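# Residue-level structural notes
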Amino acid sequence: MTDSKYFTTTKKGEIFELKAELNSDKKEKKKEAVKKVIASMTVGKDVSALFPDVVNCMQTDNLELKKLVYLYLMNYAKSQPDMAIMAVNTFVKDCEDPNPLIRALAVRTMGCIRVDKITEYLCEPLRKCLKDEDPYVRKTAAVCVAKLHDINAQLVEDQGFLDTLKDLISDSNPMVVANAVAALSEIAESHPSSNLLDLNPQSINKLLTALNECTEWGQIFILDCLANYMPKDDREAQSICERVTPRLSHANSAVVLSAVKVLMKFMEMLSKDLDYYGTLLKKLAPPLVTLLSAEPELQYVALRNINLIVQKRPEILKHEMKVFFVKYNDPIYVKLEKLDIMIRLASQANIAQVLAELKEYATEVDVDFVRKAVRAIGRCAIKVEQSAERCVSTLLDLIQTKVNYVVQEAIVVIKDIFRKYPNKYESVIATLCENLDSLDEPEARAAMIWIVGEYAERIDNADELLESFLEGFHDESTQVQLQLLTAIVKLFLKKPTETQELVQQVLSLATQDSDNPDLRDRGYIYWRLLSTDPVAAKEVVLAEKPLISEETDLIEPTLLDELICYIGTLASVYHKPPSAFVEGGRGVVHKSLPPRTASSESTESPETAPAGAPSGDQPDVIPAQGDLLGDLLNLDLGPPVSGPPLAASSIQMGAVDLLGGGLDSLIGDTNFGVPPAAAAAPARLGAPISSGLSDLFDLTSGVGTLSGSYVAPKAVWLPAMKAKGLEISGTFTRQVGSISMDLQLTNKALQVMTDFAIQFNRNSFGLAPAAPLQVHAPLSPNQTVEISLPLNTVGSVMKMEPLNNLQVAVKNNIDVFYFSTLYPLHVLFVEDGKMDRQMFLATWKDIPNENEAQFQIRDCPLNTEAASGKLQSSNIFTIAKRNVEGQDMLYQSLKLTNGIWVLAELRIQPGNPSFMLSLKCRAPEVSQHVYQAYETILKN
């Protein structure tokens, strides 16, 4: 009979009977009783009253019985801590049992009993087990250290268990090595500042040797550990890649993804000229393809990871389009993900294949999938110019099917095709207008209204069509109302005589009868423009639109780099950094890819530029049109102004400021930046707008020449009394992109000093001397010498506390001296930290609100222009400014040397010396130091 019989009894007085059986002399009866106790415990009965009787059964040689008793102990030790102490002696005894299985069982159970009173008694047995002759016991003990650390971290550190764990990395048994790595990684995760896994080439070599012989989960721990290592050069990176590559053929998909993560990370350091680089690209494709033959859930995880890989390195899978074709029995979540990757891989070479496939999908029964397929056809048209004509005819065929949701999606994407290829496909407008009555979704209605307004001169009855939408104006969604307002104003500017009544009707609906502030503001601006200066209105509203870019849903490059470091984890499935969804006390370490080698950077051609890297002549990316805020009027975004703009182009720029709303209105404000004289003069509306808006983003004009970032006065870093007469003062500077440490060495001793050298410890931003410390002549007593030591940021990285702490060692002929200093973060603000306006908007919305930090800068008597100028000279760039209720708002961006972007909003109330600063960043731990940099720059 099976053990299920133990779960079927529900007698009364059972506890009393069990007590008697547990104290029986017969071994078999005892075992039966313990099984019954465990069964009762499993179904939720309280059998804690039997604790002393069960603990008595521990004294046995029977392994099965011992396991059962230990199971009971783990469950009830927390509620009966005083009783649990009775079991300690048996644990200690079992840890010295001749049978290694019992020793391991004892040490495993000890780690699971989370009772402080017992913990200290377990240190001795654990120490013995960590040095046990049997590898099975050692590997179990290694995991026990991590569990113990979770209960009492201080105890583990005091007892020296962490050092023993580090020694186990050199163990002869691969499973022990894997468990030691797993335990250390677990501990390091909960204490990000502790440098436990101090990896060096020797320990990496041991890990790679163990990798071939571990179990699959052991391999995953080792590969994850390797991914956190920073090779010292491209040769070491290549050697690690060569030894990790065989893992790609492993049967376990988790091992494959962990290996892909290591290779994707270290490929950053390899030059693209290397033959090995090309070989590695070829080797990465087959394992990723193989993952797609697994069950749907695994396929989905693989596809989410492939989505990231394709954005980073599309060349890996460019020949594998067919594996992403959808199968009829794929679940919808797999279908949608495959579709996304198909569009990312679409190119001139495979577009015919892709289009035939997408047309097939558009006739499926699954509504969501069909919608996405139709949208995909539009994205292909925008991405691959040669295919645009075929895409448009495919979309027209689909419109002829008269399937409501297909027609609506097709109209939405045709609007985008018109934006990408003006004056090419407008002949299809008549077909679109036939389907006007069937549109019931806001996005499709908005798209159709835009088409009617934009091409009103080609549509004879445009006024009738728009009037039909106007009848139910208040029932429409905001998106449609905004679009309708703009379309009717466009129509009026094109056919003023016939539509005067219509425009007055829509303006009064928008301004007087609406309670939506965005709609009201836009209505008032149009009203004033039209009433003050119709010519200026025409130049603003009918300005030429910029072309749209194909990839509007790319992940921001810095976030993509971080997610590549998390391949094979939840972050890669959510496409969010861990800090966005991990809560609790565990510190989440922000990871980033290693810096590219110089040789590989120079060879990067425009064709192979990583996805998401803006190339020089690409049009600006506008946010996806589904996002209303980002698209309040994606129709009227002007291109960025460069140089002294003409009146027309500055008016066209103005469109974005006038018509923006919500967060987008941060892109500009008509009253800001207008010279007082121009503002005061009652000139035509065109002139002040032109001067104001052209000024708005050409911010350098008001700043004057850049004079390098602020330099703090030198401070004494190492007093003479602590360094045998050598006094070191210094400061940090940044001039034209290079950082230096300006030192003043003074000899206050009685002997000559020579042979100077300097070294930095690892630090948060990889600061390191870029050249030796050169003191050309011996330093005589009472002599002072000034030296500028160039620095770079390619040194080893380790998170310091505080973040900007730098530990320095200086050697001379007398001794070696150590000191630490804090460097101001603004020396790490790079010159290309000015973010594109649209990218700023998208990034600000994308960074979670919990990453926003607010600070107050007191006693700062500067006005807005002076503050902006000061900050710009330290590479804090103002992207836009506006005035809200008398407060000046500056929207700013800066970029650190390690690629972290920080976005800022600085509020300045004229006459009030206190500024409010809001910072948003994906690595919130830098915000405090960025605020200190703001304060330092503004107050000096």
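Residues numbered from 1 in each chain as written. Predicted model: local features only at pLDDT ≥ 70, side-chain atom pairs only at ≥ 80, totals over all residues. Heavy atoms only, no water.

Going by an unreviewed UniProt entry, the protein carries the name AP complex subunit beta and comes from Nannospalax galili. Of the protein, the UniProt comment under Subcellular location (unreviewed entry) reads exactly: "Endomembrane system". Under the UniProt heading Sequence similarities (unreviewed entry), the note attached to the protein is "Belongs to the adaptor complexes large subunit family." (UniProt positions renumbered as here; feature names shortened; annotations may be inferred.)

### Remarks on the overall build of the protein
Counting its secondary structure elements, the protein contains 40 helices and 13 strands. Across the 940 residues of the protein, 53% fall into the buried class. Contacts in the protein between residues at least 24 apart in sequence constitute 68% of all its contacts with a sequence separation of at least 6. When the accessible area of the protein is evaluated, it comes to approximately 40900 Å², of which 52% is carbon and sulfur surface. (Helix = DSSP H or I, 4+ residues; strand = E, 2+ residues; numbered from the N terminus. Buried < 20%, exposed > 50% of the residue type's maximum accessible area, 1.4 Å probe, protein only. Contact = heavy atoms within 4.5 Å. Areas by Shrake-Rupley, 256 points an atom, 1.4 Å probe, with all protein chains shown as cover.)

### Let's talk about the nonpolar core
If you look at the biggest cluster of nonpolar residues, it comprises 217 residues, and the most contacted ones within it are Y72, V244 and F418. If you look at the next biggest cluster of nonpolar residues, it comprises 62 residues, including Y710, I739, V810 and L919. (Core = buried A, V, L, I, M, F, W, Y, C linked by side-chain atoms within 4.5 Å.)

### Observations concerning the state of the cysteines
Counting across every chain of the model gives 0 disulfides. Cysteine C123 is unpaired, with the sulfur of C144 as its nearest cysteine sulfur at 9.6 Å. The closest cysteine sulfur to the non-disulfide-bonded C391 is located on C380, 5.7 Å from its own sulfur. Residue class for C391 comes out buried when judged on its relative accessible area of 0%. (Disulfide = S-S within 2.5 Å.)

### With respect to the pattern of salt bridges
For the structure shown, the criterion picks out 36 salt bridges. The network of salt bridges with shared partners includes R371, R375, E409, E441 and E443. (Salt bridge = Lys/Arg side-chain N within 4 Å of Asp/Glu carboxyl O.)

### With respect to helix α17 (residues 253–267)
Note: α-helices contain 3.6 residues per turn, so residues at a spacing of three or four share the same orientation. Under the 1.5 Å per step criterion, the end-to-end length of α17 is 21 Å for 15 residues, consistent within 8% with the ideal 21 Å. Burial analysis of α17 places 13 of its 15 residues in the buried class, which makes it a mostly covered element. The N-terminus of α17 is capped by N252, whose side-chain oxygen sits 2.7 Å from the backbone nitrogen of A254. (Expected span 1.5 Å × (residues − 1). Polar contact = N/O pair within 3.5 Å; in protein donor to acceptor, adjacent residues only side chain to side chain.)

### Description of the sheet that holds strand β1 (residues 715–718)
Taken in spatial order, the 5 strands make up an open sheet running β1-β2-β3-β6-β5, and their pairing is antiparallel. Edge positions in the open sheet fall to β1 and β5 (768–769), since each of these has one partner strand only. As paired elements, strand β3 (residues 738–747) and strand β6 (residues 784–792) share 8 bridges and run antiparallel to each other. Paired with S740 across the two strands is P790, which belongs to β6. (Pairing = 2+ DSSP bridges.)

### Structural notes on the environment of Q481
By the element assignment, Q481 lies in helix α28 (residues 478–494). Owing to a relative accessible area of 7%, Q481 belongs among the buried residues under this scheme. Through-space distance from the C-alpha of Q481 to that of P442 is 9.6 Å; in sequence the pair is 39 residues apart.

### Focus on unusual backbone geometry
In this chain, E801 is followed by P802 through a cis amide linkage whose omega measures -10°. Of note, the phi angle at K724 is positive, near 50°, even though the residue is not glycine. Tracing the backbone through its elements, the reader meets K724 in the loop between β1 and β2 (726–735). Since its relative accessible area comes to 48%, K724 is described here as partly exposed.

### Some points on the pairing of strand β13 (residues 915–921)
The buried count for β13 comes to 6 of 7 residues, which makes it a mostly enclosed element. In this sheet, β13 lies alongside strand β9 (residues 852–857) in antiparallel orientation, the contact comprising 6 bridges. Following the sheet pairing, A853 is matched in β13 by L919. The pairing of strand β12 (residues 901–908) with β13 spans 6 bridges and is classified as antiparallel. Counted as the bridge partner of E905 is S918 from β13. Connecting the antiparallel pair β12 and β13 is a turn made up of 6 residues, with G911 showing a positive phi of about 90°.

### Quick look at a negative patch on the surface
Taken together, the side chains of E464, E467, E471 and E501 make up a negatively charged region of the molecular surface. In this fold, E467 is placed in helix α27 (residues 462–470). Take E467: its relative accessible area is 40%, and that puts it in the partly exposed class. (Patch = residues over 30% accessible without salt bridge, like charges linked within 9 Å, V, L, I, M, F, W, Y side chains within 5 Å. Lys, Arg positive; Asp, Glu negative; His and termini not counted. Charge placed at Lys NZ, Arg CZ, Asp CG, Glu CD.)

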